[in-house]
Amino acid sequence: MGVKGKVLVAMSGGIDSTVTALMLHHEGYEVVGITMKTWDYATSGGGHKETGCCNLDSFNDARQAAVQHGFPHFILDIRDEFGDFVIDNFVEEYIAGRTPNPCVMCNTHIKWRALLKRANALGCDFIATGHYANIYKADNGRYVISKGLDELKDQSYVLWGLDQELLSRTIMPLGKYRKTEIRQMAVDYGYPELAKKSESYEICFVPDNDYRGFLKRRVDGLEEKVDGGWFVDKTGKKLGQHRGYPFYTVGQRKGLDIALGRPAYVTSINPENNTVVLGDEDDLAENNMFVAKINWGKYAGVTDGMQAMAKIRYKDKGALCTLYNSDNDLMVHFYENVKSIAPGQSAVFYDGDEVICGGIIQRGSLSI
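Every value quoted in this text rests on a predicted model; they were computed, and no experiment measured them. Numbering of residues starts from 1 in each chain and follows the order in which that chain's sequence is written. Given that the model is predicted, a residue must reach a pLDDT of at least 70 before its local features are reported, and side-chain atom pairs must reach 80 or more before they are shown or counted; all residues, however, enter totals for whole chains, interfaces and linings. Calculation of side-chain values draws on the structure's entire complement of heavy atoms; hydrogens and water are dropped beforehand.

**Student:** Explanation requested: the sheet that holds strand β9 (residues 238-241) in the structure shown.
**Tutor:** Either a parallel or an antiparallel arrangement is found when strands of a sheet pair, and the pairing is made through backbone hydrogen bonds. DSSP bridges decide pairing: two strands pair if at least two such bridges lie between them. Labels follow the DSSP assignment, with helices taken as runs of H or I lasting at least four residues and strands as runs of E lasting at least two, numbered in each case from the N terminus. Pairing is mixed in the open sheet, where four strands are placed in the order β9-β8-β11-β10. In the strand order of this sheet, the two ends are held by β9 and β10 (265-270), each with one partner. Averaged over all adjacent pairs, the angle separating strand axes in this sheet is 30°, with direction ignored. Orientation is described by axes fitted as lines to C-alpha atoms, over the contacting stretch for helices, and by angles from 0 to 180 degrees between their N-to-C directions.

Next up, the structure:
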């Protein structure tokens, strides 16, 4: 047993997870590396990607690092667990006219649970990942996610779904470092090529970034079912036909294939009648939204009128809002209009750098 305990480290083969494992190994933890196979990358066209993680070459990179530093490494096949939930949810959300965030769903429901299950089986005290975020135990006894030091790399937004049990067992050592420091650590550990490795922000099961093509391949006859719907304006006036409502997202401007003589944006999607509403950029602005499936972080709940900073997408700078309870969900009022509130995306609420809670956007344009 290591001096600081036994830890199961999720190793993708990328720089961040590799440095995480080596850092903890040198700090005195007994490290066990594990790489999760979530998707059949070769058959999806992703088996020969040169960048990013989650491919066969990266699996070998992870194993090699473990062998060189003398700790065990396993490959865990969770394709069935991953496919049943993450991919089905991805497809169902687009069919429902929403824009899903599969990485959040995977973290929340698949990867962490799979890690914890195997950590318990292997007698590990902790699990660790290479995310740029911090976890600490607050005075109220709750475990809290806070932003990583490197603002450009902070990943607290995609971790809002981790519950208290998972947070209590998780270590994220990179939250206190900047990416430049991690690259230097990779060099110092003897992996200069890893330090130069580029990063991929693609969805792992959509390696060509063509989610529309993925939907067509996944749902038999989808194109025929949704083809011939109408673009309409906010009054309901028909503007022209589109290729099917699942192939558009709120806020989209490019790729609409319709000429109106002015820039047009998708402002809402109606799957019931296969219509996609177009408007001007100003039509995307709203000051209310409804958020469901809340996972509480810093607090076990909020009082009506509590202020917070809300992020409605990963690279969002955040907007000041007030929160109101609605059963187990939240109604949110922004002090200033925000643009492109997309149902299906995550909304994460912060008190300074600390995550109060997060949830799934259901809709905007509420009266509070």
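**Student:** Would you mind going over the side chain of Thr129 with me for this structure?
**Tutor:** Positionally, Thr129 belongs in the loop between β4 (126-128) and β5 (133-137). Here the term buried applies to any residue with accessible area under 20% of the maximum for its type, exposed to any over 50%, and partly exposed to those in between, with areas from a 1.4 Å probe on protein chains only. Taking relative accessible area as the criterion, Thr129 reaches 4% and is therefore assigned buried. A 3.5 Å cut-off defines polar contacts: any pair of N or O atoms within that distance qualifies, except that in protein one atom must be a possible hydrogen donor and the other a possible acceptor, and neighbouring residues in sequence count only when both atoms are side-chain atoms. A polar contact is formed between the side chain of Thr129 and the side chain of His131, at a distance of 2.8 Å. Those residues in contact with Thr129 that lie beyond four places of it in its chain are Ala10, Thr20, Trp112, Leu115, Ile171, Met172 and Pro173. What makes two residues a contact is simply this: any of their non-hydrogen atoms within 4.5 Å.

**Student:** Teacher, can you tell me more about the sheet that holds strand β1 (residues 6-10) here?
**Tutor:** Ordered in space as β3-β2-β1-β4-β7, the five strands form an open sheet in which the pairing is parallel. The open sheet has two free edges, formed respectively by β3 (73-77) and β7 (170-171), since each of these has just one partner strand. Sheet analysis places strand β2 (residues 30-37) next to β3, joined by five bridges and oriented parallel. Bridge pairing in β3 links Gly33 to His73.

**Student:** Honestly, helix α8 (residues 211-218) in this entry has me stumped. Any pointers?
**Tutor:** Given 3.6 residues per helical turn, the α-helix brings residues three or four places apart onto the same face. Every buried residue belonging to α8 is among Tyr211, Gly213, Phe214 and Leu215, and all of these are buried. Residues of α8 that are buried in the fold lie against α3 (79-95) and α9 (222-226).

**Student:** Is there a simple way to think about the pairing of β5 in this case?
**Tutor:** The two faces of a sheet get side chains in turn, since along a regular strand they alternate between them. Bridging between β5 and strand β6 (residues 143-147) involves five bridges; their strand directions are antiparallel. Residue pairing across strands places Tyr136 opposite Val144, the latter belonging to β6.

**Student:** For this particular structure, what's the right way to read empty space enclosed by the protein?
**Tutor:** Here the idea is plain: a probe the size of a water molecule rolls over the atoms and shows the empty space left. Buriedness for pockets is judged along seven lines, at least five of which must meet protein on both sides within 12 Å for an open set on the 1 Å grid over protein atoms alone, while cavities are sets there where a 1.4 Å probe fits but cannot get out, and lining residues have an atom within 4 Å of a point. Grid points are joined across faces, edges and corners, and a volume is the space filled by probe spheres set on the points. On inspection of all chains with the given rule, the structure shows one cavity of 30 Å³ or more. Roughly 50 Å³ of volume is contained in the largest cavity. What lines the largest cavity is simply Tyr143, Val144, Ile145, Trp160, Leu162, Leu167, Asn295, Trp296, Gly297, Lys298 and Val355. Of all the secondary structure elements, the ones that give two or more residues to the lining of the largest cavity are β6 and β12 (285-296). With three residues, β6 is the largest single contributor of residues to the lining of the largest cavity. In this classification, the charged set is Asp, Glu, Lys and Arg, the nonpolar set is Ala, Val, Leu, Ile, Met, Phe, Trp, Tyr, Cys and Pro, and all remaining amino acids, among them Gly, are polar. For the lining of the largest cavity, the per-class residue count stands at eight nonpolar, two polar and one charged.

**Student:** I tried to follow the confidence of the model for the protein on my own but got confused; where do I start?
**Tutor:** In low-pLDDT regions, the fine details of the predicted coordinates are not to be read closely. pLDDT: the predictor's confidence for each residue, scored from 0 to 100. Looking at the protein as a whole, the pLDDT averages 90, with 92% of positions reaching at least 70. Within the model, the stretch residues 45-53 combines pLDDT values under 50 with 19 contacts to residues more than four positions away or in other chains.

**Student:** Please clarify how the environment of Val187 should be interpreted in this entry.
**Tutor:** Inspection of the secondary structure puts Val187 in helix α6 (residues 179-188). Looking at Val187, the relative accessible area reads 37%, which means it is partly exposed. Along the primary structure Val187 and Val19 are separated by 168 residues, whereas in three dimensions their C-alpha atoms are 9.9 Å apart.

**Student:** What's the story with the packing of helix α1 (residues 15-27) against α6 in this structure? I'm lost.
**Tutor:** A pair of packed helices is characterised by two quantities: the angle between their axes and the separation of those axes. Relative to each other, α1 and α6 sit at 65°, their axes nearing to 10 Å. Classified by the angle between their axes, α1 and α6 sit roughly perpendicular to one another. Of the two possible hands of crossing, α1 and α6 adopt the one that is left-handed. Counted together, Ile15, Asp16, Val19 and Met23 of α1 and Lys179, Ile182, Arg183, Met185 and Ala186 of α6 form the full contact between these two elements. Here is the rule for angles: anything less than 35 degrees is roughly parallel, anything more than 145 is roughly antiparallel, 65 through 115 is roughly perpendicular, and the remaining ranges are oblique. Take the far helix as your reference; a near helix turned counterclockwise from it by less than a right angle gives a left-handed crossing, and one turned clockwise gives a right-handed crossing.

**Student:** Even after reading the chapter, I still don't get a nonpolar patch on the surface, so can you show me in this structure?
**Tutor:** Each patch groups residues whose relative accessible area exceeds 30% and which form no salt bridge, using 9 Å between like charges and 5 Å between nonpolar side chains of Val, Leu, Ile, Met, Phe, Trp and Tyr. Only the protein chains shown count as cover for residues, and the accessible areas themselves come from Shrake-Rupley with a 1.4 Å probe. A pairing counts as a salt bridge when a side-chain nitrogen of Lys or Arg comes within 4 Å of a carboxyl oxygen of Asp or Glu. Taken together, the side chains of Met309, Leu320 and Tyr335 define a hydrophobic patch exposed on the protein surface, amounting to about 270 Å² of accessible area. Within the element layout of this structure, Tyr335 appears in strand β15 (residues 329-339).

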